[in-house]
Amino acid sequence: HRLLDTRGTVNLKEFFVGTSEAGALIQDAAITFAVDSLQASTALEQIDAELTARISRLNVNQSEFDSIDVRGFQRDGHASYALSGVFDGTSRVSCDGSARVVSDSLSLLFQRLETSFLDMRWSARPGTRMLITADTIRVSGLILERDSATVTLNGTLGTSGRIDASLSGTRLDLADLRYLI
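Now for a description of the structure that goes with this document. Predicted model, so just to flag it, every value in this text is computed and none were measured. (Residues numbered from 1 in each chain as written. Predicted model: local features only at pLDDT ≥ 70, side-chain atom pairs only at ≥ 80, totals over all residues. Heavy atoms only, no water.)

**Overview of the overall build of the protein chain**
At step 1: Of the regular secondary structure elements, the protein chain holds zero helices and twelve strands.
At step 2: Summarising its shape, the C-alpha atoms of the protein chain cover approximately 65 × 35 × 30 Å along the three principal directions.
At step 3: Counting all 181 residues of the protein chain, 28% fall into the buried class.
At step 4: Within the structure as shown, the protein chain displays about 11900 Å² of accessible surface, and the carbon and sulfur contribution to it stands at 55%.
At step 5: Here the protein chain carries 18 positive and 23 negative side-chain charges, and the mean point of each set is 4 Å from the other. (Helix = DSSP H or I, 4+ residues; strand = E, 2+ residues; numbered from the N terminus. Buried < 20%, exposed > 50% of the residue type's maximum accessible area, 1.4 Å probe, protein only. Areas by Shrake-Rupley, 256 points an atom, 1.4 Å probe, with all protein chains shown as cover. Lys, Arg positive; Asp, Glu negative; His and termini not counted. Charge placed at Lys NZ, Arg CZ, Asp CG, Glu CD.)

**Quick look at the environment of Ser103**
At step 1: Position of Ser103 relative to the elements: it lies in the loop between β6 (91-102) and β7 (105-117).
At step 2: The spatial distance from the C-alpha of Ser103 to the C-alpha of Glu21 is 34 Å, given a sequence separation of 82 residues.

**Digging into the nonpolar core**
At step 1: Membership of the largest hydrophobic core comes to 15 residues, with the highest contact counts inside it found for Tyr81, Phe110, Leu113, Trp122 and Leu142.
At step 2: When residues of this core are traced back to their parent elements, those giving at least two are β5 (78-87), β6, β7, β8 (120-124), β10 (136-146) and β11 (149-158).
At step 3: Setting aside residues up to four positions removed in sequence, Leu142 forms contacts with Leu113, Ala124, Thr128, Val151, Thr152, Leu153 and Asn154.
At step 4: Ala29, Ile55, Leu58 and Ile68 belong to the second-largest nonpolar core, a separate cluster that totals five residues. (Core = buried A, V, L, I, M, F, W, Y, C linked by side-chain atoms within 4.5 Å. Contact = heavy atoms within 4.5 Å.)

**With respect to the environment of Thr136**
At step 1: With respect to the secondary-structure elements, Thr136 resides in strand β10.
At step 2: Under the relative-accessibility criterion, Thr136 is labelled partly exposed at 21%.
At step 3: When residues no more than four places from it in sequence are discounted, the contact partners of Thr136 are Leu131, Thr156, Leu157 and Gly158.

**Considering the side chain of Thr156**
At step 1: Structurally, the position occupied by Thr156 is in strand β11.
At step 2: A polar contact of 3.4 Å, which involves the side chain of Thr156, links it to the side chain of Arg138.
At step 3: Setting aside residues no more than four positions away along its own chain, Thr156 makes contact with Thr136, Ile137, Arg138, Arg162, Ile163 and Asp164. (Polar contact = N/O pair within 3.5 Å; in protein donor to acceptor, adjacent residues only side chain to side chain.)

**Brief notes about unusual backbone geometry**
At step 1: Residue Asp88 is not a glycine yet carries a positive backbone phi of 50°.
At step 2: A positive phi angle, near 55°, is found at Arg171, a position not held by glycine.
At step 3: Here Arg171 is to be found in the segment after β12 (163-170).

**Focus: the side chain of Asp36**
At step 1: Its location among the elements puts Asp36 in strand β2 (residues 23-38).
At step 2: Taking the relative accessible area as the measure of exposure, Asp36 reaches 15% and is therefore buried.
At step 3: Separated by 2.7 Å, the side chains of Asp36 and Arg7 make a polar contact.
At step 4: In contact with Asp36, not counting residues within four places along its chain, are Leu4, Asp5, Arg7, Asp48 and Arg75.

**Thoughts on the packing of aromatic side chains**
At step 1: A complete count under the given rule lists two aromatic pairs for this structure.
At step 2: A ring pair is formed by Phe65 and Phe87, whose centres lie 5.0 Å apart and whose planes are at 55°; its orientation type is tilted. A residue pair is termed long-range when its members are at least 10 positions apart, and Phe65 in strand β4 (residues 63-75) and Phe87 in strand β5 qualify at 22 residues.
At step 3: Given the relative accessible area of 27%, Phe65 is considered partly exposed.
At step 4: Residue Phe87 is classed as partly exposed on the basis of its relative accessible area, which comes to 27%.
At step 5: Measuring from ring centre to ring centre gives 5.9 Å for Tyr81 and Phe110, while their planes differ by 85°; the resulting arrangement is edge-to-face. One end of the pair, Tyr81, is in strand β5; the other, Phe110, is in strand β7, with 29 residues separating them in the sequence. (Phe/Tyr/Trp six-rings, centres within 6.5 Å; stacked < 30°, edge-to-face > 60°.)

Written as C-alpha cells, this is what we have:
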C-alpha cells in the first residue's frame, strides 16, 4: 500500500452556499492543511494532520462572525487546537486545549477559555471538557469566573434541541442582567 502525503492552501475571496435564510457566506478566508502518511486503513484518530484557517467574515443563517482564527494539529493520536473569534461585533471567544478523536466522537479538554460580551469578560478555570458526537454535545466542569462571581455549567444538548443541564451561580451582580434582557 502506498502512503499519501498532501498539503494545500485554499484562498476564498467570497464563497456562498444555501439561501439568505439558511446558508453560509465566507469572505476573505485562507485555509492551509497538511495530511501525512495517509492510507486506506488509517483510523481517523491516527491521522497525522494540521489545519490553519483565518476567516475575515463568516455568516451562517443570518448570524455574523466578524473574524475567526483556527489552528488544529494531530500527531500520533494526540491533538491540540486554538480558536478565537468575534460574533456580531459584540461577543468574543478565545480558547485552546487538547483534543482526541475516538471512533465517532470528538473529546475536547479546554486549557484556556475566555469569553466576553461588550465589556463583560469571563474566564474559565482549566479543565472544562466537551464531548461531541453525532447526537449530542456534552459539557462538564465549566466554571466561568469574573471578579468574585462564578457560574458553573454541566449539561447535554441533544439533536432534538433538548437541553439537560445544571447551572449555578455565586456572587453574581444583578446589574449584569442588563446583558441578558
